[in-house]
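Residues per chain are reported as follows:
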Amino acid sequence: MEKIVALCKRRGFIFQSSEIYGGINGFWDYGPLGAELKKNIRDYWWNEMVRGRDDVVGIETSIIMHPKVWEASGHVGGFTDPMVDCKSSKQRFRADEIYFSAVIVDGKVVGYVSMLESERTTEDLQAKAEAFKRKRAIQGKLEPVQPRDFTQATPEEIPLVPSPATGEPGSLTPARNFNMMFETYVGALREESEKTYLRPETAQGMFADFKAVLDTGRVKIPFGIAQIGKSFRNEITPRNFTFRSREFEQMEMEFFISDDDDWAKWHRYWIDWCRNWLLSVGLPASHITEYNHAKEKLAFYSKGTTDLMFQYPFGVQELWGIAARGCYDLSQHAKFSGQPLEYFDEEKKRKYVPHVIEPAVGVDRIALAILCTAYQEETTTDEKGQTETRIVMRFAPRIAPVKVAVFPLLRNKPPLVEKAKEVFKLLQPHFTTEWDDRGNIGKRYRYQDEQGTPWCVTIDFDTLGEKGPELKDTVTLRDRDTMKQERVKIADLVPLITGKLRG
Ligand code: GAP
């Protein structure tokens, strides 16, 4: 991760927000390459999800909505995370991320060990328990640890569990529920009646506008409403680079189906759709797994939730959630707004509240998964037999921030520069194109490899026809992954690169 974070800063993918003021935790800025990368992700999703389908429409709703929306959705009452403070270190934790266990020797509790959740929670807690026993020279048989998260600690246990910050017991507070919505006030008066929230998800915009979209007459069940937009959550512990941020972007779609339709079939359909979409942006199938939420942990209205998990360098984590939410959201908004949110089936002459399947994903989490997958270090040997390490971002071409770079072989030969400018102007309307005339060609290739540019075009003396008329108006097209160069006619560049991008 350190290498990826460093490359993101060095090359202008992602910066800490407000860095000149020391940064602000949980907020990130996207630099010139990061902004292009994100735009490509958004555009590709929108093209596939909205424009490419005749059963999904796209909308854009406001970030600040009527406060009742958030009462109806359950966010005012229940959008909380359990929070724990360490009084000694002043650090704050999510209680469900602190894992602890009693240390039991010969059937007697002799102390407690704790840690922050990891890929190896049980093994690490066991090692801590062994160290605990050894340090205190306690004789007897150590029992296997039984990890629980801190929300499960009894009042008697709370003072005995060591803080993950200090390793000492006695400083952790009991878990308190903390609402993650950012509050704000609309208008000049900072009164409770004017209080509302920055949206913590885009989904409620689709439910609140369900009737308005239906009334446009454009849609018929089954159909979806999609949107892309910013969401805000005052996360207790933002972490893992952009993975858990306080401001982030979501791409969500609410797919409305009949109340007597086979929800499980549609759920499966959207899980597969999302998985295939992830593969088509270059994520490896080996890194994507499905996690089905346990029935007993689901909200009462939920029929099933499956998360597509991704193997990030810091562990397997949720990337895309696909939830079957029944008719809960529409029914709640109907109740709180007093407006019926029903669908009338013309053929069956029947009114009902549609059910919904919701694929919800974070753009930033996809961008991070793509950055982590793309990053590769390779050892290469040049013509002189010298080896070097090449850092290459192997982005899928459709997602790569820059598609083509154009180089004049030498910057101080006006005919080369002029011709290269011509080629640059030819490509620029079709692809994100970058001009580079600094240093030698080898260095320029390395630079483009590091930002994942799939193709580099070099204009040399052959292009000018200096080695004969047959090479005039041809250039070299260099492929990022194979590092092979082919000689291509300038006139063929646009169709050739367009074809490669589609392929
Ligand atoms: N409407 C349902 C919903 O919002 P969620 O699982 O809370 O469900 C959906 O969020 C997706 O949004 C997640 O799978 C993740 O990709 C992204 N996401 C959620 N919280 C995030 C955060 N703090 N930072 C970045 N992405 C986040």
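Heads up: the structure comes first, above all this text.
Now for a look at the structure at hand.

**Side note on the overall build of the protein**
Along the backbone of the protein there are 13 helices and 26 strands. For the protein, the spread of C-alpha atoms along the three principal axes comes to 90 × 75 × 50 Å. In the protein, which comprises 503 residues, the proportion classed as buried is 49%. Nonlocal contacts in the protein, meaning residues at least 24 apart in sequence, comprise 63% of its contacts between residues at least 6 apart. Accessible surface, the protein: about 24,800 Å² in total, of which carbon and sulfur atoms supply 50%.

**Description of the pairing of strand β4 (residues 80–85)**
Of all the six residues making up β4, five are buried; the element is thus mostly covered by neighbouring parts of the structure. As defined by bridge partners, β4 adjoins strand β9 (residues 176–179) across four bridges and the pair is classed as antiparallel. Its bridge partner being in β9, Thr80 is matched across the sheet by Asn179. Where β4 and strand β5 (residues 92–94) come together, three bridges link them in antiparallel fashion. In the sheet register, Met83 faces β5, and the bridge partner there is Arg94. Between β4 and the antiparallel strand that follows it, β5, lie six residues; Lys90 among them carries a positive phi value of about 65°.

**Details of the nonpolar core**
Across soluble globular proteins, nonpolar side chains show a tendency to be buried alongside one another. One finds Ile41, Trp277 and Trp320 to be the most contacted residues of the largest nonpolar core, which totals 57 residues. The greatest single-element share of this core, amounting to nine residues, is contributed by helix α10 (residues 363–374). Excluding its chain neighbours within four sequence positions, the residues that come into contact with Trp277 are Ile41, Tyr44, Trp45, Glu48, Met251, Trp320 and Ile366.

**Brief notes about the site of the ligand**
Near the ligand, the surroundings consist of 18 residues, among which Glu201, Ser245, Glu252, Glu318 and Leu319 are the closest. Glu252 has a polar side-chain atom sitting 2.5 Å from a nitrogen atom of the ligand. Within the backbone of Gly362, a nitrogen or oxygen atom sits 2.9 Å from an oxygen atom of the ligand. About the coverage of the ligand: the protein hides 88% of its 560 Å² of free accessible area. Elements supplying a minimum of two residues to the shell around the ligand: β13 (247–257), β16 (315–326) and β19 (355–362). Ranked by the residues each element gives to the shell around the ligand, the list is headed by β19, at four residues. Split into classes, the residues belonging to the shell around the ligand amount to six nonpolar, four polar and eight charged.

**Points about the packing of aromatic side chains**
One pass over the full model with this rule turns up 24 aromatic pairs. Judged by centre distance (5.6 Å) and plane angle (75°), the ring pair of Trp266 and Tyr269 falls under edge-to-face. Note that Trp266 and Tyr269 are positioned in helix α8 (residues 263–280) at a spacing of three residues, about one turn of the helix. On the numbers, 5.7 Å between centres and 85° between planes, the contact of Trp277 with Trp320 is edge-to-face. With a gap of 43 residues between them, Trp277 in helix α8 and Trp320 in strand β16 connect regions that are remote in the sequence. Trp320 shares its class with Trp277; the two are buried. Among the aromatic residues, those joined into a cluster by ring pairs are Tyr44, Phe255, Trp266, Tyr269, Trp270, Trp273, Trp277 and Trp320.

**A word on the sheet that holds β13**
What the seven strands build is an open sheet, ordered β3-β12-β13-β19-β16-β15-β14; its pairing is mixed. Only two strands of the sheet have a single partner each, and these edge strands are β3 (56–58) and β14 (288–292). Across the sheet, the axes of successive neighbouring strands diverge by a mean angle of 25°, strand direction being ignored. Judged from the six bridges that link them, β13 and β19 form a sheet pairing that is antiparallel. Paired with Phe255 across the bridge in β19 is Ile357.

**Digging into the side chain of Arg94**
Here Arg94 lies in strand β5. On the basis of relative accessibility, which here comes to 14%, the residue Arg94 falls in the buried class. At 3.1 Å, the side chain of Arg94 forms a polar contact with the side chain of Asp96. Apart from residues no more than four positions distant in its own chain, Arg94 is found in contact with Asp81, Pro82, Glu235, Ile236, Thr237 and Arg244.

**What to know about the sheet that holds strand β24 (residues 455–459)**
Taken together, five strands build an open sheet; the order of strands is β23-β22-β24-β25-β26 and the sheet is mixed. Of all the strands in the sheet, just β23 (433–435) and β26 (485–489) have a single pairing partner and so form its edges. The mean angle between the axes of side-by-side strands here comes to 30°, regardless of whether they run parallel or antiparallel. When strand β25 (residues 474–479) meets β26, the two strands line up antiparallel, connected through five bridges. Pairing of Val475 across the sheet is with Val488, part of β26.

What counts and how
- All residue numbers here refer to positions counted from 1 along the written sequence of the relevant chain.
- For a predicted model such as this one, the threshold for reporting local features is a pLDDT of at least 70, and the threshold for listing and counting side-chain atom pairs is 80 or more; totals across whole chains, interfaces and linings nevertheless cover every residue.
- By convention in this description, side-chain values take in all heavy atoms of the structure and omit both hydrogens and water.
- By definition, any uninterrupted DSSP run of H or I lasting at least four residues is a helix, any uninterrupted run of E lasting at least two residues is a strand, and each is numbered from the N terminus.
- Working definition: with a 1.4 Å probe on protein chains only, accessible area under 20% of the residue-type maximum means buried, over 50% means exposed, and in between means partly exposed.
- Two residues form a contact once any of their heavy atoms are found within 4.5 Å.
- Each accessible area is a Shrake-Rupley result for a 1.4 Å probe, and residues are judged covered by the shown protein chains and nothing else.
- For two strands to count as paired, DSSP must find a minimum of two bridges between them.
- Buried Ala, Val, Leu, Ile, Met, Phe, Trp, Tyr and Cys residues that are joined via side-chain atoms within 4.5 Å together make up what is termed a nonpolar core.
- Only heavy atoms are used to decide nearness, and a residue is near a molecule or strand if one of them lies within 4 Å of it.
- Identification of polar contacts relies on pairs of N or O atoms within 3.5 Å, with a donor-acceptor requirement for protein atoms, meaning one able to donate a hydrogen and the other able to accept it, and with residues adjacent in sequence counted only if both atoms are side-chain atoms.
- Charged means Asp, Glu, Lys or Arg here, nonpolar means Ala, Val, Leu, Ile, Met, Phe, Trp, Tyr, Cys or Pro, and polar covers whatever is left, Gly included.
- Any two of the Phe, Tyr and Trp rings considered here, Trp counted by its six-membered ring, make a pair once their centres fall within 6.5 Å; the pair's planes then place it as stacked at under 30 degrees, edge-to-face at over 60, or tilted in between.
- Interaxial angle, 0 to 180 degrees, is taken between N-to-C directions of lines fitted to C-alpha atoms, where a helix line uses only the stretch in contact.

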